[in-house]
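One letter stands for each residue in the lines below.
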Amino acid sequence: MIIDVNKLRQQGKTESEFSFAFTPGRQLTDLPNADIVGGVNVNGKVYLTGKKATVEGVVSFVIEGECSRCLSPARAEVQAEFSAEYSSEAGAEFPIRSGLIDLTDPVEETVVINSPMIIYCREDCRGVCPVCGANLNVSECKCKTNREV
Ligand SMILES: [Zn+2]
Ligand SMILES: [Zn+2]
């Protein structure tokens, strides 16, 4: 996810759209037994001003894994906005190096922050019976006294 800021400047551009399909090089979700599938899509715009380049974009990705209530297959679609300011000045949090900016850090950070802590197979998942372990989406069990309301 590299954007060539020098090239854009040479072309006389002050803004430019970008679109990347990004495969994370490390685990970005803490959710147990779940992972990002199909990579992370990143779309946005870069605005050039003086020594700075401001990036505004949206990351979207899909997490698949076990439902946090009943352990059936579950899936969550996530979309999150991000922005980052790149600078060629020394000590910048997001540096412009050799006229290039790399979106990896802010994008990975956005994925980590916006990864769900729980996912459900469906919104009204009834989970499993705490007594007998029956999947209550599939069948009723006889442990009525312990049922959550
Ligand atoms: Zn479930
Ligand atoms: Zn039961």
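Every chain is numbered on its own, with residues counted from 1 as its sequence reads. Throughout, the order in which chains and ligands are written sets their labels, letters from A for the former and numbers from 1 for the latter. Where local features are concerned, this predicted model is filtered to residues with pLDDT of at least 70; where side-chain atom pairs are given and counted, the filter is 80 or more; whole-chain, interface and lining totals use all residues. With hydrogens and water excluded, all non-hydrogen atoms of the structure serve as input to the side-chain values.

Peer 1: Lay out the sheet that holds strand 4 (residues 52-66) in plain terms, naming residues and giving numbers.
Peer 2: Read from one edge of the open sheet, five strands run 2-3-4-5-6, paired in mixed fashion. The strands lining the two open edges of the sheet, one partner per strand, are strand 2 (15-22) and strand 6 (94-95). Sheet topology note: the strand 2/strand 3 (residues 34-49) ladder contains eight bridges and is antiparallel. Across the sheet, Phe20 pairs through a bridge with Val42, a residue of strand 3. For this analysis, residues touch if any pair of their heavy atoms sits within 4.5 Å. Only the contacting stretch of a helix is used when fitting its axis, a line to C-alpha atoms as for every element, and angles between N-to-C directions run 0 to 180 degrees. Strands here are runs of E lasting at least two residues and helices are runs of H or I lasting at least four, both read from the DSSP assignment and numbered beginning at the N terminus. Strands in contact with helix 2 (residues 104-114) are strand 2, strand 3, strand 4, strand 5 (73-87) and strand 6; relative to strand 5, the strand with the most contacts, it is inclined by about 140°. Should DSSP find at least two bridges between two strands, the strands are taken to pair.

Peer 1: So what about the coordination of the zinc ion (ligand 1)? Which residues, and what values?
Peer 2: Any N, O or S atom lying within 2.8 Å of the metal counts as a donor, and for Na, K and Ca the limit rises to 3.2 Å; water is left out, so some sites can look incomplete. Every protein donor of the zinc ion (ligand 1) is accounted for by Cys67 (SG), Cys70 (SG), Cys121 (SG) and Cys125 (SG), and the metal-donor separations fall at 2.2 to 2.4 Å. Around the zinc ion (ligand 1), the four donor atoms sit at angles spanning 105 to 117°, and that spread fits a shape best called tetrahedral. In this scheme the shape depends on donor count and angles: four donors with every angle between 85 and 135 degrees give tetrahedral, four or six donors with opposite pairs above 155 degrees and others between 65 and 115 give square planar or octahedral in turn, and any other case is irregular.

Peer 1: I'd like to hear about the packing of aromatic side chains, residue by residue, with values.
Peer 2: Pairing of aromatic rings covers Phe, Tyr and Trp, the last counted by its six-membered ring, and requires centre-to-centre distances within 6.5 Å; plane angles under 30 degrees mean stacked, over 60 mean edge-to-face, and any other angle means tilted. Scanning the model with the defined rule gives two aromatic pairs in all. Look at Phe18 and Phe20: their rings are 5.9 Å apart centre to centre, the planes differ by 35°, and that puts the pair in the tilted class. Centre to centre, the rings of Tyr86 and Phe94 are 5.4 Å apart; their planes meet at 40°, and the pair counts as tilted. The same class applies to Tyr86 and to Phe94, which are both buried. Here the basic side chain of Arg69 rests over the ring of Tyr120, its NZ or CZ set 3.9 Å away from the ring centre. We call a residue buried when its accessible area falls under 20% of the maximum for its residue type, exposed when it is over 50%, and partly exposed in between, using a 1.4 Å probe and counting protein chains only. Criterion for a charge above a ring: Arg CZ or Lys NZ at most 6 Å from the ring centre, at most 35 degrees from the ring normal.

Peer 1: Now, about the coordination of the zinc ion (ligand 2): what can you tell me, with residues and values included?
Peer 2: Around the zinc ion (ligand 2), the protein contributes the donor atoms Cys129 (SG), Cys132 (SG), Cys141 (SG) and Cys143 (SG), at 2.3 to 2.4 Å from the metal centre. Around the zinc ion (ligand 2), the four donor atoms sit at angles spanning 105 to 113°, and that spread fits a shape best called tetrahedral. One chain supplies every donor to the zinc ion (ligand 2), and in sequence these donors are spaced C-x2-C-x8-C-x1-C. Look at Cys141 and you get buried, because its relative accessible area is 10%.

Peer 1: Requested: an account of the environment of Val111, with residues and values cited.
Peer 2: With respect to the secondary-structure elements, Val111 resides in helix 2. When the C-alpha positions of Val111 and Phe61 are compared, they lie 8.2 Å apart, and in sequence the two are 50 residues distant. Aside from chain neighbours lying at most four places away, what touches Val111 is Leu28, Ile36, Val40 and Phe61.

Peer 1: Report on the nonpolar core, specifying residues and quantitative values.
Peer 2: Joining through side-chain atoms within 4.5 Å is the link that ties buried Ala, Val, Leu, Ile, Met, Phe, Trp, Tyr and Cys residues into a set, and such a set is a nonpolar core. Core analysis: the largest hydrophobic core is formed by 36 residues, its most contacted members being Val40, Val42, Tyr86, Ile101, Leu103 and Val107. The set of elements that each furnish at least two residues to this core consists of helix 1 (5-10), strand 2, strand 3, strand 4, strand 5 and helix 2. The residues touching Ile101, leaving out its near neighbours within four places in the chain, are Met1, Ile2, Ile3, Val5, Val46, Ala53, Val55, Tyr86, Pro95 and Ile96. In this structure, Cys129, Ala134, Cys141 and Cys143 belong to the second largest nonpolar core, which totals five residues.

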